[in-house]
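Coordinate analysis (summary)
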Amino acid sequence: MRIRPLLLKELIWSKRNLLALGLLLVVVPAFFAGASVAFQTVIPTDMPIGVVGAGQNVSDADLTVTEGAVTFFSDPVRYDSKAGATRDLRREVVYAVLEVPPGVADQSSDHLEFELLVDGSVVPFRETSIAITNIANARLSSSLPVDVSVTRTIAGPSHSLPEYLLPLLLFGVIT
């Protein structure tokens, strides 16, 4: 078949089915884009968060107190080493890793510095992790009588939301 008659045939079909064409090319992609943008602001509940000691001096009591404070918004998973926790973070077994400083249970210092480690390649969770950091800071501050601060660190490469959604959009168009 020649190209010109084929294009003419498609043009005539497109004029007759403008509603279906608009639905396929505008409404469906806009719906998926809106849903994914709305998804990045939703705070997940019962998400697995790795809890690991920041050094050798962290006791089981320190980890238990921290797990109790973050149970409000997550499902804490205890790790023995930071290497194991970051491996599971890259594999998306856990969505974040909370490093616990020593002296949480006995409040031996005036200031406790926690670190929330987030994988940068998990784009929908990266923005939500800001809210998770604030919630963790509030929960730990209310649970402990000392000054607490939680800082968020992004590990690995960071991608933008369009880079994350482009393969999904292409797959949807092809399907």
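The structure under discussion appears in the preceding block.
The sections below set out a description of the structure shown in this document. No experiment lies behind these values; they were computed from the predicted model shown.

1. Comments concerning the pairing of strand β2 (residues 74-78)
Bridging between strand β1 (residues 47-53) and β2 involves five bridges; their strand directions are parallel. If you follow isoleucine 49 over to β2, its bridge partner there is proline 76. After leaving β1, the chain enters helix α3 (residues 60-70) and then returns to the sheet as β2, a path that is right-handed.

2. Quick look at the sheet that holds β2
Judged by pairing direction, the sheet is mixed, and its five strands sit side by side in the order β2-β1-β3-β4-β5 without closing on themselves. Two strands close off the open sheet at either side, each with one partner strand: β2 and β5 (147-155). For this sheet, the mean angle separating the axes of adjacent strands, direction not counted, is 30 degrees. As defined by bridge partners, strand β3 (residues 96-100) adjoins strand β4 (residues 111-119) across four bridges and the pair is classed as antiparallel. Bridge pairing in β4 places alanine 96 opposite valine 118. Packing of α3 onto the sheet brings it into contact with β1, β2, β3 and β4, and relative to β2 it is tilted by some 165 degrees. Lying on the sheet, helix α4 (residues 82-90) is in contact with β1, β3 and β4; it crosses β4 at an angle near 40 degrees.

Cut-offs applied
Residues numbered from 1 in each chain as written. Predicted model: local features only at pLDDT ≥ 70, side-chain atom pairs only at ≥ 80, totals over all residues. Heavy atoms only, no water. Pairing = 2+ DSSP bridges. Helix = DSSP H or I, 4+ residues; strand = E, 2+ residues; numbered from the N terminus. Right-handed = clockwise from strand over helix to strand, strands pointing away. Axes fitted to C-alpha atoms, helices over the stretch in contact; angles between N-to-C directions. Contact = heavy atoms within 4.5 Å.

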